Amino acid sequence: MILFTPENLFFFLNILFNSLIVGGILSTVAVGLTLVMGVLRILNLPHGEILIVGFYVSYILFSQFGVDPFATIPLSFITCLLVGGGIYYLMRKVSARSKSTAVGTGIYQILYFMGVSSLIQNLVVILFSVTPRSINPSYGLNILSIGPFGVSYARFACFIFSLFSLIVLYVIFTKTYFGVAVRSVIEDADAASIMGANVNKLVGIVYVLGCALAGVSGSLLGMVYIFNPYSGMTLLFTVISVIVLSGMGSRGIAGTFIGSFIIALIANLSNTFLTPGLVQASTYTLLLVLLILFPKGFGGGRA
Amino acid sequence: MQVKNILLLFLAVLLLVPVFLSHAPYYFRIIIMLLFYIALSQAWNIVGGLARQPFIGVAGFLGFGAYMTILLAKLLLLPPILTMWIGGVCSLALAVIISPILKLRADFLAIGSLTIPGILYSITYNSEILGSCNGIAINPDILYSLPLFYYLGLILTGVLCYIFYRLQKSDFGLRLAAIGCDQDLAEATGISVFSAKFMAFLLTAFFTGILGGFYGYLMLAALPDDVYNLFWGIQLLLICVIGGIGTVYGPIIGGAIFFLASHFIQITFVELHKLFLGIFLIMVVVFFPEGIIGIDWKKIFSKLKG
């Protein structure tokens, strides 16, 4: 067992610091997914796969054309915007149909999402094979030391970028007219439409923006993690753990950030102390346990 | 009277299939796998079709049943035909342990259920006694023969179809259907939602475990990449949706169409196989959400006539 000697304390502090950085990046994905879930009233199951699409766009540009990973972000934003638009366009038909049938539950939407995930995943496998890949810019391994802590430049830049996007999102959703309209749709779609909000249009915009945000996070996370076409789902599990822990969207961006930090800490600790083969199992078990303990989110937040 | 005769004739043909196919083991195996798929999707149809709970992680039960069957057959030297029932009971125990997951709403249930085969896969992959990535294999015993599997599969399919048919007519089945339509409303009318879902879940888990044992015995091995593949869930979804989700005929019709089509695609375009299934699932859900049974054929014919 590890004792708390000064060196170990330093080691743990470094784990804490790294979790803060990874948590910051994770919370960008989590905020996007929570927003989409808020307006759609259903979990966006292909979110992880869309993220992987964003990652591969960056990866191809970086490895084939030598473009700086941060410069590829606009393109992965646009690609995922288009992918999300396509998914949303077909989904409208599904929900229109399933309302006309006797079945009121969203099961057809879930089936549709499963089909989309499977399609994107296998398309990526065919295009890029299953070899695990990662984006390693030349400055990626340089270490920036902040006091006693060390962090690679790439990670730190990703952290700053995601903090920046979180702040932009916060400003949009609290200060602008659009943000207020979206929050009203999340609160009560019927009441919002009575008040004159174009609910369908808003839902579409938020869905597409959420997908684009996932693509951006994919480009960023590519510099931190190693991905293969199947990692989308594992990552989705991590992000859903964050959402469940941060109360299913009821605690806003700050709550999501704290949730991401806790999940990233658990992930980092299990990466450090478990055998590599069991790391995936620990991610899955964490989600299962969280879902069983808090079926309506931590503290029973509204879904 | 007429209907009864036709049914008897059909039954006789079904029973005599091994006589015709005994010299064509390839086609015989295809027929056996077809029966396996129909039975598996009929088992899933109880919780997924009748109660409309999108439990996609069936691979967990399937793989657990297969592993237990093969492991017990190897360690205790019992015939696999006995241990596959124990595999079903083991799946049942697993279902009881993870049953709190049924409290989740549909989309979280779908994602939560996917963690179960994932966890089992990782544990299996890292455990020596379960053979890690190579899985465990057994030698064929005296009973191992294709007609045995055919009749076993036929009995399992028949039993599952009968159970589903009776369930649909029963009080319990009506409760499940009510939950499937609107869970909150069902709870408000006094139905004990969790216990009904729990019973349906146990039924599905038990039969999926037995069928996992059947599959393991047929393949004489349990491989983690095969039995714990999340793809099983998508296949079963597709089968039930094609035929008509929540109906007795759904898995039979859907199973036949899906299995033959997927087999054809698999041997023609080896790599694109899974891609086609994704496209297929999207198309079916978007254009024929109620499956083949739900299509208004009269309307289509009258449109074609002009």
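Keep in mind it's a predicted model, so treat the numbers as computed, not measured. (Residues numbered from 1 in each chain as written. Chains lettered and ligands numbered in written order. Predicted model: local features only at pLDDT ≥ 70, side-chain atom pairs only at ≥ 80, totals over all residues.)

### Re the overall build of chain B
The helix and strand inventory of chain B stands at 15 helices and two strands. For chain B, the spread of C-alpha atoms along the principal axes amounts to about 60 × 50 × 45 Å. Counting across all 306 residues of chain B, residues that qualify as buried make up 49%. When contacts within chain B are restricted to residue pairs at least 6 apart in sequence, those whose partners lie at least 24 apart make up 79%. (Helix = DSSP H or I, 4+ residues; strand = E, 2+ residues; numbered from the N terminus. Buried ≥ 20, exposed ≤ 12 C-beta atoms within 10 Å, placed from the backbone. Contact = placed C-beta atoms within 7 Å.)

### Considering the overall build of chain A
Assigned secondary structure in chain A consists of 11 helices and two strands. Helices and strands appear in chain A in the N-to-C order α-α-α-α-β-β-α-α-α-α-α-α-α. Whereas a compact globule of 303 residues would reach a radius of gyration of roughly 19 Å, chain A reaches 20 Å, a difference of no more than 12%. Seen through its principal axes, chain A has C-alpha atoms that stretch 65 × 45 × 40 Å. Taken across its 303 residues, chain A has 48% of its residues classed as buried. Once local pairs closer than 6 in sequence are excluded, the contacts in chain A between residues at least 24 apart make up 76%. (Rg over C-alpha atoms; globule rule 2.2 N^0.38 Å.)

### Some points on the confidence of the model for chain A
Parts of the model with low pLDDT should not have their predicted coordinates read in detail. Across chain A, pLDDT averages 83, with 90% of residues at or above 70. A low-confidence stretch, residues 100-105 of chain A (pLDDT under 50), is modelled with 10 contacts involving residues beyond four sequence positions or located in other chains. (pLDDT = per-residue confidence, 0-100.)

### Here's the deal with the pairing of strand β2 (residues 149-152) of chain A
Residues in a regular strand project their side chains so that they alternate between the two faces of the sheet. Residue and element names in this part refer to chain A. Where strand β1 (residues 143-146) lies against β2, four bridges are found, and the strand directions are antiparallel. Its bridge partner lying in β2, I146 is registered against F149. Turn length for the β1-β2 hairpin, with the two strands adjacent in sequence and antiparallel, is two residues, and the turn residue G147 shows positive phi of about 60 degrees. (Pairing = 2+ DSSP bridges.)

### Quick look at the nonpolar core
One finds V39(A), L211(B), L238(B) and L281(B) to be the most contacted residues of the largest nonpolar core, which totals 183 residues. With near-sequence residues (within four places) excluded, V39(A) lies in contact with V182(A), V185(A), I186(A), L202(A), V203(A), V206(A) and Y207(A). (Core = buried A, V, L, I, M, F, W, Y, C linked by C-beta atoms within 7 Å.)

### Some remarks on the packing of helix α3 (residues 58-75) of chain B against helix α5 (residues 106-125) of chain B
Packed helices, taken two at a time, are described by the angle their axes make and the gap between the axes. All names here are of chain B. For the pair α3 and α5, interaxial distance at closest approach is 8 Å and the crossing angle is 35 degrees. Contact with α3, carried on its side by A59, G60, G63, F64 and Y67, involves I116, P117, L120 and T124 of α5 and no other residues of that element. Tallied by class, the residues present in the contact of α3 with α5 amount to six nonpolar, three polar and no charged. (Axes fitted to C-alpha atoms, helices over the stretch in contact; angles between N-to-C directions. Nonpolar A, V, L, I, M, F, W, Y, C, P; charged D, E, K, R; others polar.)

### Examining α5(B)
An ideal rise of 1.5 Å per residue puts 28 Å on 20 residues; α5(B) measures up with 29 Å between its terminal C-alpha atoms. Within α5(B), 17 of the 20 residues are buried, leaving the element largely enclosed by the surrounding structure. (Expected span 1.5 Å × (residues − 1).)

### A word on the interface of chain B and chain A
With 39 residues of chain B at the contact, the number on the chain A side is 42 residues. Listed by contribution, the elements that provide at least two residues to the side of chain B that touches chain A are α5, α11 (231-243) and α13 (273-287) of chain B. In terms of residues, the side of chain B that touches chain A owes the most to one element, α5(B), which gives 12 residues. Across the side of chain B that touches chain A, the residue classes break down as 25 nonpolar, six polar and eight charged.

### As for unusual backbone geometry
All names here are of chain B. If you check the backbone angles, L77 has positive phi at about 60 degrees while not being a glycine. Among the secondary structure elements, L77 is positioned in the loop between α3 and α4 (80-98). Taking the number of C-beta atoms within 10 Å as the measure of exposure, L77 has 9 and is therefore exposed. Of note, L220 is a non-glycine position whose phi angle comes to about 60 degrees, a positive value. Its location among the elements puts L220 in the loop between α9 (193-219) and β2 (221-222).

### Topic: the environment of L15(B)
Residues and elements named next belong to chain B. The residue L15 is located in helix α1 (residues 2-21) in this model. What makes L15 exposed here is the crowd of 12 C-beta atoms within 10 Å. Residues L15 and L75 lie 60 residues apart in sequence; the distance between their C-alpha atoms is 34 Å.

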